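# Architecture at a glance
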Amino acid sequence: MIGSKVSKRYAKALFSLGQEEGKVREYGKDLNAFTEFWLRSPDFAGVVASRIFALEDRKRILNTVLEKSGLSETVRNFLNLLLDKDRIRALEEMAVHYEKLTDEMSNVARAQVVVPRPLRADTLGRLEKALGDLTSKEVRTEVSEDRSLIGGVVVKIGDLVLDGSIKAQLRGMRESL
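Below you will find a few notes about this structure. (Residues numbered from 1 in each chain as written. Predicted model: local features only at pLDDT ≥ 70, side-chain atom pairs only at ≥ 80, totals over all residues. Heavy atoms only, no water.)

### Comments concerning the pairing of strand β1 (residues 108–115)
Worth spelling out the cut-off: A pair of strands counts as paired when DSSP detects no fewer than two bridges linking them. Numbering of helices and strands runs from the N terminus, with a helix taken as a DSSP run of H or I at least four residues long and a strand as a DSSP run of E at least two residues long. Classification remark: right-handed applies to a crossover when, strands pointing away from the viewer, the course from the first strand over the helix to the second runs clockwise.
Strand direction decides the pairing type here: β1 and strand β2 (residues 138–145), joined by eight bridges, are parallel. Bridge pairing links V115 to E145 in β2. What joins β1 to β2 is helix α7 (residues 121–135), and the crossover it makes is right-handed. Direction of pairing for β1 relative to strand β3 (residues 154–157): antiparallel, over a ladder of four bridges. Of the residues in β3, the one forming a bridge with Q112 is K156.

### Looking at the sheet that holds strand β4 (residues 160–163)
Using the following cut-off: Each axis is a line fitted through C-alpha atoms, and for a helix only the stretch in contact is used; angles between axes span 0 to 180 degrees, taken between their N-to-C directions.
Overall, mixed pairing links the four strands, which are arranged β2-β1-β3-β4 in an open sheet. Looking at the sheet topology across the chains shown, the edges are occupied by β2 and β4. Within the sheet, the average angular offset between the axes of one strand and its neighbour, ignoring direction, is 20°.

### Observations regarding the environment of A168
We apply this condition: Burial here depends on accessible area, computed with a 1.4 Å probe over protein chains only, as a share of the maximum for the residue type. Under 20% is buried, over 50% is exposed, and the range in between is partly exposed.
Mapped onto the secondary structure, A168 falls in helix α8 (residues 166–176). Judged by its relative accessible area of 17%, A168 is buried.

### Quick word on helix α6 (residues 91–106)
Worth spelling out the cut-off: Take the number of residues in a helix, subtract one, and multiply by 1.5 Å to get its expected span.
With 16 residues, α6 extends 22 Å between its outermost C-alpha atoms, agreeing within 8% with the 22 Å of an ideal straight helix rising 1.5 Å per residue. Residues L91, M94, A95, H97, Y98, L101, T102 and D103 constitute the buried set of α6. Downstream of α6 by a residue or two, N107 has a phi angle that is positive, lying close to 60°.

From the geometry alone we can't say anything about function, so treat these as descriptive.
As structure tokens, then:
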């Protein structure tokens, strides 16, 4: 819980800098790129995040990688600040919060769609349009499959859950009987 609050605060700080400088999307791409590298390189992440090694050594390793990364100066300074404040372990969570802030600014909603079988592209397009009309936002979907649904679809957008699956309808019928 506390880590989440801290992550939100740091993500919001970088987002505010991005707004001031008109580089919200650039900073988001840089933060995501470094976070992906961080997750794909557990040895690097382990050394940089570990308090076993001296801070100066960890900074030298981080900055060596950052110099070759092509990331913006602001994001590089942000990552150094995270290391200085011993918050770099929360990098992934910060990237998620930053993406949420960017979505809010861009009037985008992310929907998790669960279906029993793969959706055709035209069906997915109609679903995205209907969800966009419902939320008054541009909707980006993440589709997953769950064969136990039998048929129908389950959509989750934030706290809103729309369960139109046959499984849920059968459950409702059983409860009413």
